[in-house]
Amino acid sequence: DIGITCKFYMYPDCEFCPAGRFSDTVDTSVCADCEVGKYSSSPSSSTCAACEAGKVSSKIGSSSESTCTSCSSGLSSDDRTQCFCGLGRGAVLST
């Protein structure tokens, strides 16, 4: 099953991936950390959830949505990993 790791591919040795980690393939022996800007609050996750729009997280392996914090007033986030002034990274303002 996804969200579970099995040592040596033997089901008696299987464990749930802990919160903050996930497994998206069947019969893997490794759980991966959630990436920056994402979190997994429950064990045995097959994916990590992205922070809400306008919120960011710089923590790898986050196990709680509370690590996603709002950008300060006047800042925004286009990738949920950093806050940027105005329209985001690479934005071009026309005059």
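Residues numbered from 1 in each chain as written. Predicted model: local features only at pLDDT ≥ 70, side-chain atom pairs only at ≥ 80, totals over all residues. Heavy atoms only, no water.

Quick look at the environment of S42 now. By secondary structure assignment, the location of S42 is in the loop between β5 (38-39) and β6 (49-50). Expressed as a C-alpha distance, the spacing of S42 and F16, which sit 26 residues apart in the sequence, is 9.9 Å. (Helix = DSSP H or I, 4+ residues; strand = E, 2+ residues; numbered from the N terminus.)

With that settled, consider the environment of S41. Following the sequence through the fold, S41 ends up in the loop between β5 and β6. Using a relative accessible area of 52% as the deciding quantity, one classes S41 as exposed. Put simply, S41 and G20 are 21 residues apart on the chain and 6.3 Å apart in space, counted from C-alpha to C-alpha. The residues touching S41, leaving out its near neighbours within four places in the chain, are A19 and S63. (Buried < 20%, exposed > 50% of the residue type's maximum accessible area, 1.4 Å probe, protein only. Contact = heavy atoms within 4.5 Å.)

Our focus in this paragraph is the pattern of salt bridges. Per the counting criterion, the structure on display carries one salt bridge. Between D33 and R21 there is a salt bridge; the shortest N-O distance is 3.0 Å. With D33 in strand β4 (residues 32-33) and R21 in strand β3 (residues 21-22), the pair connects residues that are twelve residues apart, well separated along the chain. Of the residues examined, D33 reaches a relative accessible area of 38% and is grouped as partly exposed. (Salt bridge = Lys/Arg side-chain N within 4 Å of Asp/Glu carboxyl O.)

Let us look at the side chain of S40. Along the chain, S40 falls in the loop between β5 and β6. Residue class for S40 comes out buried when judged on its relative accessible area of 3%. Among the polar contacts made by the side chain of S40, one reaches the main-chain carbonyl oxygen of S42 at a distance of 3.3 Å. (Polar contact = N/O pair within 3.5 Å; in protein donor to acceptor, adjacent residues only side chain to side chain.)

It is worth spelling out the confidence of the model for the protein at this point. When pLDDT is averaged along the protein, the result is 80, and 74% of the positions lie at 70 or above. Summarising per-element confidence for the protein, the mean pLDDT is lowest in strand β1 (residues 4-6) (64) and highest in β5 (96). (pLDDT = per-residue confidence, 0-100.)

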